[in-house]
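Notes for the structure review
Each chain, written out:
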Amino acid sequence: MAHKSAIRKLITQQLNEIPCSDKSQRDKVLFDYINNWIGQYDFDQVCAYYPIKNEVNINWGELGYPMYLPRRINDKNIDFHKCTLNECKKDPSSQLYEPDSSFPQVNKSKMTLMLIPALAFNQEGYRLGYGGGYFDRLIDSWDTKYLVTLGVGYYEQLLKWKHDEHDKKLNHIFLADKSCAIKCFDIYHSGQVPGTSA
C-alpha cells in the first residue's frame, strides 16, 4: 500500500502521460454513459466542478439539470452555487474559477447528484484529492438521503491505499479506460440507493 503523497506524485505523472486526444475521447464516452445512467434516479439538481489540471473535462450542464459549482467559504469549507462554467470567475487568491457568492446556493433538502473528481480512487469507494479535505467535510454536512456521490476519472487513477478515518466513501465511481470502456464501482451492497426511481 503506497503512502498518499507517493500516490499523488505517481498519479499526476501517469495522467500527464495520457494524450489530450485520448482524454477527450474518454471524456465524451464517460459523459454519454452518465447521461444514460442518470435516468434511473429522480434528481432535482447536479453539483459538479470546474475542471482543473487532469480532471475529466466535461460541461456537466449538458446533463439537463440545474447545475451548481463549488465556491470556497474559507480554508476548510466549500459550498455550491447555481452557475454555468462560463459564469465562473477566477478567484485571485486561489486562482480557481468559482461562482459569485450572490448566486443561489444549493438546497440540501433536494435530491442531488454530486460529481466529484480526484487524483485517485480505490475499489472500496474512497477518493484521494489534493489534501484539502473539502469534499469530505461537505459530504459529512449533507443528509445522505438527499445525496448520491459519483466519482469520475480515468482508469489509471485506480489504486490501493489505506484510507483515513475521516475519509468519506462515495456511492459510485465511474472510470474511463484507454479503450474508452467505462469501469463502474457501485459501492452499495444492499437496500435501495437514495433517489432511485420506484
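In what follows, the structure referred to is the one given above.
These numbers come from a predicted model, not from an experiment. (Residues numbered from 1 in each chain as written. Predicted model: local features only at pLDDT ≥ 70, side-chain atom pairs only at ≥ 80, totals over all residues. Heavy atoms only, no water.)

1. Observations regarding the side chain of Arg26
Test applied: Working definition: helices are DSSP H or I runs of at least four residues, strands are E runs of at least two. Numbering for both runs from the N terminus. Here a polar contact is recorded for every N or O atom pair within 3.5 Å, except that within protein the pair must consist of a potential hydrogen donor and a potential acceptor, and residues adjacent in sequence are included only if both atoms are side-chain atoms. Two residues form a contact once any of their heavy atoms are found within 4.5 Å.
Here Arg26 lies in helix 2 (residues 20–37). Within the structure, the side chain of Arg26 is placed 2.9 Å from the backbone oxygen of Ala176, a separation counted as a polar contact. Those residues in contact with Arg26 that lie beyond four places of it in its chain are Ile18, Tyr154, Tyr155, Glu156, Ala176, Asp177, Lys178 and Cys180.

2. Here we look at the pairing of strand 3 (residues 78–82)
Put simply, side chains in a regular strand alternate between the two faces of the sheet. The cut-off we apply is this: Under the scheme applied here, a residue whose accessible area is under 20% of the maximum for its type counts as buried, over 50% as exposed, and between as partly exposed, the area being computed with a 1.4 Å probe on protein chains only. Any two strands with at least two DSSP bridges between them are considered paired.
Burial runs high along strand 3: 4 of the 5 residues are buried. As defined by bridge partners, strand 2 (residues 67–72) adjoins strand 3 across 5 bridges and the pair is classed as antiparallel. Across the sheet, Arg71 pairs through a bridge with Asp79, a residue of strand 3. Counted between consecutive antiparallel strands, the loop separating strand 2 from strand 3 contains 5 residues.

3. Some points on the sheet that holds strand 10 (residues 172–176)
For the record, the criterion: Inter-axis angles, ranging from 0 to 180 degrees, are taken between N-to-C directions of lines fitted to C-alpha atoms, where helices are fitted over the stretch in contact.
Spatially, 3-2-1-6-9-10-11 is the arrangement adopted by the 7 strands of the open sheet, whose pairing is mixed. Edge positions in the sheet fall to strand 3 and strand 11 (182–186), since each has one partner strand and no second. Each adjacent strand pair in this sheet contributes to an overall mean axis angle of 25 degrees, direction not counted. Of the pairings in the sheet, the one linking strand 9 (residues 147–154) to strand 10 comprises 5 bridges and is parallel in character. Residue pairing in the sheet places Gly153 in a bridge with Leu175 of strand 10. Across the sheet, helix 2 is in contact with strand 6 (112–116), strand 9, strand 10 and strand 11; its angle to strand 9 comes to roughly 155 degrees.

4. Considerations on the side chain of Gln45
You can see Gln45 is positioned in strand 1 (residues 45–47). Apart from the residues lying within four places of it in its own chain, the contact partners of Gln45 are Tyr65, Pro66, Tyr68, Val106, Asn107, Lys110, Met111, Thr112 and Leu113.

5. Here's the deal with the pattern of salt bridges
Just so we agree on the cut-off: Between Lys or Arg on one side and Asp or Glu on the other, a salt bridge is scored when a side-chain nitrogen of the former is within 4 Å of a carboxyl oxygen of the latter.
In the structure shown here, the tally under the stated rule is 10 salt bridges. Here Lys4 makes a salt bridge to Asp164, at a shortest N to O gap of 2.7 Å. Highlighted residues: Lys4 in helix 1 (residues 4–16) and Asp164 in the loop between strand 9 and strand 10, separated in sequence by 160 residues. For Arg71, the salt bridge goes to Glu98, with nearest N and O atoms at 3.9 Å.

6. Quick word on unusual backbone geometry
Most peptide bonds adopt trans geometry, and most residues besides glycine take a negative phi value. You will see that Lys53, though not glycine, has its phi angle at about 50 degrees, which is positive. Along the chain, the position of Lys53 falls in the loop between strand 1 and strand 2. Taking the relative accessible area as the measure of exposure, Lys53 reaches 69% and is therefore exposed. The backbone of Cys180 shows a phi angle near 70 degrees, a positive value even though the residue is not glycine. Along the chain, Cys180 falls in the loop between strand 10 and strand 11.

7. Let's talk about the environment of Asn86
The residue Asn86 is located in the loop between strand 3 and strand 4 (89–90) in this model. Remark: the alpha-carbon pair of Asn86 and Ile7, spanning 79 residues in sequence, is separated by 32 Å.

Worth remembering: the numbers are spatial, not functional.
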